[in-house]
Amino acid sequence: MYELKTKENDHSVLEFIENMESSKKREDAYRLLDIFSDVTGYKAKMWGTSIIGFGKYHYKYASGHEGDAPLVGFSPRKAKISLYFAPGESKRDELLKRFGKHTTGKACVYINKVADIDEEVLKELIVASVEFLRELYPSTGE
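Residue indices follow the written sequence of each chain, beginning from 1 at its first position. Since the coordinates come from a predicted model, pLDDT governs what is reported: local features require at least 70, and pairs of side-chain atoms require 80 or more to be given and counted, while whole-chain, interface and lining totals use all residues. Hydrogens and water are ignored here; the side-chain numbers use all heavy atoms of the structure.

> Can you help me understand helix α4 (residues 119–136) in this one?
Residues that lie three or four places apart on an α-helix share one face, since the helix turns once every 3.6 residues. Each helix corresponds to a stretch of at least 4 residues labelled H or I by DSSP, and each strand to a stretch of at least 2 residues labelled E; elements are numbered beginning at the N terminus. Expected span, for any helix, means 1.5 Å times one less than how many residues it has. A rise of 1.5 Å per residue sets the reference length of α4, with its 18 residues, at 26 Å; its end C-alpha atoms lie 26 Å apart and thus fit the reference within 8%. Looking at α4, one finds that the buried residues are Val-121, Leu-122, Leu-125, Ile-126, Ala-128, Ser-129, Val-130 and Leu-133. The secondary structure elements touched by the buried residues of α4 are α2 (23–40), β4 (57–60), β6 (72–76), β7 (81–84) and α3 (92–96). Any pair of N or O atoms that falls within 3.5 Å is considered a polar contact. Within protein, one atom must be able to donate a hydrogen and the other to accept it, and sequence-neighbouring residues count only if both atoms are side-chain atoms. The N-cap residue of α4 is Asp-118: its side-chain oxygen and the backbone nitrogen of Glu-120 are 2.8 Å apart. Exposed residues in this analysis have more than 50% of their type's maximum accessible area, buried residues have under 20%, and partly exposed residues fall in between, with area computed by a 1.4 Å probe over protein chains only. The contact criterion used throughout is that any non-hydrogen atoms of two residues lie within 4.5 Å.

> Would you explain the packing of α2 against α4 in this entry?
Angle between the axes and distance between the axes are the two parameters that describe a pair of packed helices. Relative to each other, α2 and α4 sit at 45°, their axes nearing to 10 Å. Classed by the angle they form, the pair α2 and α4 counts as oblique. Considering how the two elements wind past one another, α2 and α4 form a crossing that is right-handed. Listed contacts from α4 to Arg-31, Leu-32, Ile-35, Phe-36, Val-39 and Thr-40 of α2 are Glu-119, Leu-122, Lys-123, Ile-126, Val-127 and Val-130. A class-by-class count of the residues in the contact of α2 with α4 yields 8 nonpolar, 1 polar and 3 charged. To get an axis, a line is fitted to the C-alpha atoms, and for a helix only the part in contact is used. The angle between two axes follows their N-to-C directions and goes from 0 to 180 degrees. To sort the angles, those under 35 degrees are grouped as roughly parallel, those over 145 as roughly antiparallel, those from 65 to 115 as roughly perpendicular, and the leftovers as oblique. If you view the pair so one helix is near and one far, a crossing is left-handed when the near helix is turned anticlockwise from the far one by less than a right angle, and right-handed when it is turned clockwise. Residues are sorted three ways: Asp, Glu, Lys and Arg are charged, Ala, Val, Leu, Ile, Met, Phe, Trp, Tyr, Cys and Pro are nonpolar, and all the rest, Gly among them, are polar.

> When you look at the pattern of salt bridges in this model, what are you seeing that I'm missing?
If charged atoms from side chains of opposite charge come close, those side chains can pair. For this document, the term salt bridge refers to a Lys or Arg side-chain nitrogen within 4 Å of an Asp or Glu carboxyl oxygen. For the structure on display, the rule yields 8 salt bridges. Here Lys-60 makes a salt bridge to Glu-66, at a shortest N to O gap of 3.9 Å. A relative accessible area of 55% means that Lys-60 is categorised as exposed. If you follow the salt bridges from partner to partner, you end up with Glu-8, Lys-45 and Lys-56 in one network.

> Is there a simple way to explain the nonpolar core in this structure?
Generally speaking, soluble globular proteins have nonpolar side chains that are buried together. Each nonpolar core is a collection of buried residues, namely Ala, Val, Leu, Ile, Met, Phe, Trp, Tyr and Cys, held together in the definition by side-chain atoms within 4.5 Å. Counting 38 residues, the largest nonpolar core has Phe-36, Leu-83, Phe-99 and Leu-122 as the members making the most contacts within it. Of the residues forming this core, the biggest block, 7 residues, is contributed by α4.

> Please explain the pairing of strand β2 (residues 44–47) as it appears in this structure.
Regular strands place side chains that alternate from one sheet face to the opposite one. When DSSP finds at least two bridges between two strands, those strands are taken to pair. The sheet contact formed by strand β1 (residues 8–9) and β2 spans 2 bridges and is antiparallel. Paired with Glu-8 across the strands is Trp-47, a residue of β2. Here β2 folds back onto strand β3 (residues 51–54), and the loop between the two strands holds 3 residues, one of which, Gly-48, carries a positive phi near 65°.

Quick look at the structure:
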């Protein structure tokens with residue numbers, strides 16, 4: 001049976017951020033940590049080795065595949081910072097028009113640095129994603 005590689009764990013979020021090579025990435029990670037924590041009300045948790053997630057939900061697909069994932073999160077990777085939002089959330093495309101410099105993937109939005117984006121739009125993206133997942137998966141929580 002398939003087992004998820006990216007699971008919530010007890011590794012220290014602050015230790016992960018402190019061990020980042022780039023001081024600029026560390027600064028951005030702390031800023032994102034503040035924003036995501038304030039907006040969601042959830043404590044930051046490590047998911048796998050490099051994703052900082054907030055809250056969690058349990059999903060189950062028609063195929064029978066199921067697992068847990070953070071409601072929202074981010075990963076300050078070497079090249080870009082990955083922001084994780086719910087795929088399929090309807091407000092996302094409209095909000096991203098006002099977001100600032102970014103690129104997108106299926107569930108990720110990639111930024112170079114926090115200074116490139118509108119933090120208020122980031123907050124709207126976080127709220128929209130959390131609300132969407134809570135509606136889609138009513139038993140969602142921490």
